[in-house]
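Residue-level structure breakdown
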Amino acid sequence: MRLPGLIAKLVAAGVLLAPSSAALSGERGAEPGKFDFYVLSLSWSPSYCAAEGAEANRQQCGSARPYAFVVHGLWPQYEAGYPEFCRLQQSGHVPGNLVNSYQDIMPSGGLMGHQWRKHGSCTGLRQGAYFALARKARAKINIPPEFLRLTAPLLISPKDVEERFVSANPGLEKHDFAVTCDRRYLREVRICMTKDLAFRACDELDAKGCRADRMLMPPARGR
């Protein structure tokens with residue numbers, strides 16, 4: 001018996017479990033609207049600008065508008081893994097009037113277009129409704145005030161960032177979000193939310209948080 005046939009028989013008999021979509025990481029082309037919860041990803045914009053240098057997006061990293069935490073995206077998630085680049089029934093282009101409406105929280109049209117195609121396409125929402133939901137999710141989060149006024153480089157531990165977000169956001173618990181970093185910079189705070197935008201636990205995400213002792217938070221440009 002050829003191996004594929006044997007595997008099929010074992011799956012049918014319950015000896016092996018067929019892989020589910022929830023077990024996949026980055027399931028490309030999934031059916032829109034079928035997911036379990038959201039991750040709101042907030043990026044520390046000065047880290048992106050510092051890491052990318054001359055290659056950084058000028059809209060985001062110019063001194064005219066000094067961004068701090070920005071919305072990287074609102075990402076549909078499975079309990080394990082996530083869908084991406086779902087079957088898009090709408091245009092992949094985000095029009096300029098929509099870009100202008102969200103530049104206070106999402107700093108460039110390129111970022112918005114990519115997030116819409118990769119993640120928004122999986123929500124089952126219309127384009128305008130997706131970005132409106134991202135704004136609503138962002139409005140649920142209080143940024144710790146010391147990060148809003150950061151004027152000098154700050155060395156900080158992931159634990160300290162977590163504690164400050166928990167303190168600033170009643171109902172948020174440490175297993176509801178993760179702080180990410182690269183070898184030098186704090187990069188993102190990723191917060192798990194239900195489809196109704198309530199905080200919820202997400203152990204898989206929490207387990208992938210930053211393990212560095214200290215991370216650097218550069219100050220916002222233009223301050």
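Below or above, wherever it landed, is the structure these notes cover. Note that the coordinates shown come from a computational prediction; the quantities given were computed from them, not determined experimentally.

Brief notes about the nonpolar core
- The biggest cluster of nonpolar side chains holds 45 residues, and the ones touching the most others in it are Phe69, Phe131, Phe147, Val161 and Phe165.
- In terms of residue count, the dominant contributor to this core is helix 6 (residues 127-139) (five residues).
- The residues contacting phenylalanine 69, other than those within four sequence positions of it, are Leu42, Ser43, Trp44, Ile143, Phe147, Phe165, Leu186 and Val189.

Let's talk about the pattern of salt bridges
- For the structure on display, the rule yields nine salt bridges.
- Of the charged contacts, one joins glutamate 79 and arginine 200 as a salt bridge, the two residues approaching to 3.1 Å between their closest N and O atoms. Here glutamate 79, found in the loop between strand 3 (69-77) and strand 4 (83-84), pairs with arginine 200, found in the loop between strand 7 (186-193) and helix 9 (203-206); they are 121 residues apart in sequence, far enough to count as distant.
- For glutamate 79, a relative accessible area of 45% corresponds to the partly exposed category.
- As a salt-bridge pair, aspartate 182 and arginine 187 come within 2.8 Å of each other at their nearest N and O atoms.
- Of the residues examined, aspartate 182 reaches a relative accessible area of 28% and is grouped as partly exposed.

What about helix 5 (residues 109-118)?
- Taken together, the buried positions of helix 5 are Leu111, Met112, Gly113, Gln115 and Trp116.
- The elements touched by buried residues of helix 5 are strand 3, helix 4 (96-101) and helix 6.

Quick notes on the packing of aromatic side chains
- Evaluation of the coordinates by the stated rule reveals nine aromatic pairs.
- Each ring, one from phenylalanine 69 and one from phenylalanine 165, has its centre 5.7 Å from the other, and the planes form 85 degrees; the classification is edge-to-face. Of this pair, phenylalanine 69 sits in strand 3 while phenylalanine 165 is found in helix 8 (residues 158-168), placing the two residues 96 residues apart along the sequence.
- Classification of phenylalanine 69 as buried rests on a relative accessible area of 9%.
- Where tryptophan 116 meets tyrosine 130, the ring centres are 5.9 Å apart and the plane angle is 50 degrees; that geometry is what we call tilted. Of this pair, tryptophan 116 sits in helix 5 while tyrosine 130 is found in helix 6, placing the two residues 14 residues apart along the sequence.
- Take tryptophan 116: its relative accessible area is 0%, and that puts it in the buried class.

Let's talk about unusual backbone geometry
- Located in the positive-phi region is phenylalanine 85, a residue other than glycine, with phi close to 45 degrees.
- Tracing the backbone shows phenylalanine 85 in the loop between strand 4 and helix 4.
- Assessed through its relative accessible area of 27%, phenylalanine 85 is described here as partly exposed.

Concerning the sheet that holds strand 3
- With respect to topology, four strands assemble into an open sheet ordered 3-2-7-6, the strand pairing being antiparallel. Among the strands making up the open sheet, the edge pair consists of strand 3 and strand 6 (177-181). Averaged over all pairs of adjacent strands, the angle between their axes in this sheet comes to 20 degrees, without regard to strand direction.
- With five bridges connecting them, strand 6 and strand 7 associate as antiparallel partners. Counted as the bridge partner of phenylalanine 177 is isoleucine 191 from strand 7.
- Here helix 2 (residues 45-52) sits on the sheet and contacts strand 2 (37-44), strand 3 and strand 7; the angle it forms with strand 2, its principal contact strand, is near 60 degrees.

What to know about the pairing of strand 2
- The buried fraction of strand 2 amounts to eight of the eight residues, a majority that puts the element mostly inside the structure.
- Both faces of strand 2 are covered, namely the face carrying Phe37, Val39, Ser41 and Ser43 and the face carrying Tyr38, Leu40, Leu42 and Trp44.
- Here strand 2 pairs with strand 3 via eight bridges, running antiparallel. Residue pairing for strand 3: leucine 42 is matched across the bridge by valine 71.
- Bridging between strand 2 and strand 7 involves six bridges; their strand directions are antiparallel. Across the sheet, serine 41 pairs through a bridge with arginine 190, a residue of strand 7.

Conventions we followed
Residues numbered from 1 in each chain as written. Predicted model: local features only at pLDDT ≥ 70, side-chain atom pairs only at ≥ 80, totals over all residues. Heavy atoms only, no water. Core = buried A, V, L, I, M, F, W, Y, C linked by side-chain atoms within 4.5 Å. Buried < 20%, exposed > 50% of the residue type's maximum accessible area, 1.4 Å probe, protein only. Helix = DSSP H or I, 4+ residues; strand = E, 2+ residues; numbered from the N terminus. Contact = heavy atoms within 4.5 Å. Salt bridge = Lys/Arg side-chain N within 4 Å of Asp/Glu carboxyl O. Phe/Tyr/Trp six-rings, centres within 6.5 Å; stacked < 30°, edge-to-face > 60°. Pairing = 2+ DSSP bridges. Axes fitted to C-alpha atoms, helices over the stretch in contact; angles between N-to-C directions.

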